[in-house]
Amino acid sequence: MLWPGFWPHQKTMLVNVMANNDPVSISFEFFPTRTAEGARKLVDSALGLSRYQPEFFSVTYGAGGSTRDGTLATVLSTQNETSIATAPHLSCVGDSPEQLRELLHVYRQQGIDRIVALRGDLPSGMGYERGDLRHANELVAFIRSETGSHFHIEVAAYPEVHPQAPTMDRDLENFRRKVEAGANSAITQYFFNPDSYFYFLERLQCLDIKIPVVPGIMPITNYTRLARFSDACGAEIPRWIRKQLEAYGDDTDSIRQFGTEVVTRLCEGLLAEGVPGLHFYTLNQAGPCQDICDNLGFPVA
Ligand code: FAD
């Protein structure tokens, strides 16, 4: 079910967005799969999305090293098949400094020069060992001490506040630690309320923190999964979106169509304010991101 009058208005606005601003940098995130079929589908998705000439792809890392080999293999296959630079994520909890050092060495040897540096969430039953890095700022400092300025380091940002942070101020202080340790830019947790992102930017400006902060964009395709993710990571689904998604029940076509409209409109508003880029959480599916990119009028190669 389309919202009446939505698309004509949107197309007009888009022309303005694209005409007034420099082209934005886009990037797409994948996760390593466990099966050969999953890996093939991932490469197909990456090939489909490479038409939008993203600045980079990225591949997540299972905290505790569960995807140590899978992340590397996926980074290399994606990069080889698409010729788009691909950045591994690296989380520090559950990996020893020696394991992290070895991975950094391999990535550098493979010509990879961008990394997404995270704390990760410690898998249940796993404890810290002495000497382990406990926060992302320590990982950023470690990468810098091991590899100098070789890597462009991305870190995570939380416009709606990290779920474990006691206050927004403390979370901002901790974000500053990552920047001071040497992060070059940041990608946000996904959000559906752009005010939280713009307020976050204002707070950074007051703190004289100047790195680019790229909004993370989550396409909406499955309400149950989205609600589960959002509860875990502290991203808020506004009531009106939640209610509409609930009302669609098992009607996946309507959920997808509504989700595409909502997220297109969110991106449109962000682009109109001159965001430095958009980072899409693909969940390894090209289609939902392609729909949004096409709605936004992104050129294809
Ligand atoms: P931190 O920056 O270390 O922050 C975590 C918490 O600790 C915050 O509450 C912060 O305020 C606090 N804190 C930070 N530094 C300090 C300090 N020095 N002293 C005291 N408190 C501190 N997870 C994965 O496992 N693999 C991935 O590939 C992955 N990719 C992600 C990509 C993006 C773009 C984002 C936004 C998240 C990703 N995550 C991933 C999830 C991330 O690991 C979790 O959100 C995790 O809980 C926090 O990671 P962080 O790097 O933000 O940690």
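Residues numbered from 1 in each chain as written. Predicted model: local features only at pLDDT ≥ 70, side-chain atom pairs only at ≥ 80, totals over all residues. Heavy atoms only, no water.

Remarks on the sheet that holds strand β4 (residues 114–118)
Strand order in the closed barrel made by the eight strands is β1-β2-β3-β4-β5-β6-β7-β8, with parallel pairing throughout. With direction set aside, neighbouring strand axes in the sheet form an average angle of 30 degrees. Relative to strand β6 (residues 185–190), strand β5 (residues 152–157) runs parallel, the two being bridged by four bridges. Of the residues in β6, the one forming a bridge with Ala157 is Thr188. Helix α4 (residues 97–109) contacts β3 (86–91) and β4 of the sheet and is inclined by roughly 175 degrees relative to β3. (Pairing = 2+ DSSP bridges. Helix = DSSP H or I, 4+ residues; strand = E, 2+ residues; numbered from the N terminus. Axes fitted to C-alpha atoms, helices over the stretch in contact; angles between N-to-C directions. Contact = heavy atoms within 4.5 Å.)

Things to note about the pairing of strand β7 (residues 213–217)
Counted residue by residue, β7 has five buried out of five residues, so it is predominantly covered. When β6 meets β7, the two strands line up parallel, connected through three bridges. When the sheet's bridge partners are listed, Ile187 is paired in β7 with Val214. Between the parallel pair β6 and β7, the chain is carried across by helix α7 (residues 194–206), and the sense of this crossover is right-handed. Two elements, β7 and strand β8 (residues 277–281), share two bridges in a ladder whose sense is parallel. The residue bridging Ile217 from the neighbouring strand is Phe280, located in β8. (Buried < 20%, exposed > 50% of the residue type's maximum accessible area, 1.4 Å probe, protein only. Right-handed = clockwise from strand over helix to strand, strands pointing away.)

A look at the site of the ligand
Around the ligand, the structure places 24 residues, and the nearest of them are Tyr61, Asp121, Tyr158, Asp171 and Lys178. Between the ligand and the protein, one listed contact pairs an oxygen atom with a side-chain N or O atom of His89 at 2.9 Å. Between the ligand and the protein, one listed contact pairs an oxygen atom with a side-chain N or O atom of Tyr158 at 2.7 Å. Relative to its unbound accessible area of 960 Å², the ligand is 85% covered by the protein chains. Elements with a contribution of two residues or more to the shell around the ligand: α5 (136–147), α6 (168–181) and β6. (Near = heavy atom within 4 Å. Polar contact = N/O pair within 3.5 Å; in protein donor to acceptor, adjacent residues only side chain to side chain. Areas by Shrake-Rupley, 256 points an atom, 1.4 Å probe, with all protein chains shown as cover.)

Structural notes on the packing of helix α8 (residues 223–233) against helix α9 (residues 239–248)
Contact pair α8 / α9: the axes reach a minimum separation of 10 Å and the direction vectors enclose 145 degrees. In this structure, α8 contributes Tyr223, Leu226 and Asp231 to the contact, and α9 contributes Arg242, Leu245 and Glu246. Grouping the amino acids of the contact of α8 with α9 by side-chain chemistry returns three nonpolar, no polar and three charged. (Nonpolar A, V, L, I, M, F, W, Y, C, P; charged D, E, K, R; others polar.)

Quick word on the confidence of the model for the protein chain
Residues at a pLDDT of 70 or more form 92% of the protein chain, whose mean pLDDT is 92. The model gives residues 1–20 a pLDDT under 50, and that stretch makes 32 contacts with residues more than four places away or in other chains. (pLDDT = per-residue confidence, 0-100.)

Looking at the environment of Ser91
Its place among the elements puts Ser91 in strand β3. With relative accessibility at 2%, the residue Ser91 sits in the buried group. Sequence separation between Ser91 and Leu139 is 48 residues; the distance between their C-alpha atoms is 7.9 Å. When neighbours within four sequence positions are excluded, Ser91 is seen to be in contact with Tyr61, Gly62, Ala63, Leu100, Leu118, Arg119, Gly120 and Leu139.

What to know about the environment of Gly94
Assignment of secondary structure puts Gly94 in the loop between β3 and α4. When the C-alpha atoms of Gly94 and Pro23 are compared, they prove to be 39 Å apart, with 71 residues separating the residues in sequence. Discounting chain neighbours no more than four positions away, the residues touching Gly94 are Gly64, Gln99, Leu122 and Met126.

A closer look at the packing of aromatic side chains
Under the criterion given, the structure shown has ten aromatic pairs. Ring geometry for Phe28 against Phe57: centres 6.2 Å apart, planes inclined by 45 degrees, an arrangement best described as tilted. In this pair, Phe28 is assigned in strand β1 (residues 25–30) and Phe57 in strand β2 (residues 56–59), connecting sequence segments 29 residues apart. Across this residue pair, the class does not change: Phe28 and Phe57 are buried. Ring plane angle 25 degrees and centroid distance 5.4 Å describe the contact between Phe28 and Phe280, whose orientation is recorded as stacked. Remark: Phe280 occurs in strand β8 and Phe28 occurs in strand β1; sequence separation between them is 252 residues. (Phe/Tyr/Trp six-rings, centres within 6.5 Å; stacked < 30°, edge-to-face > 60°.)

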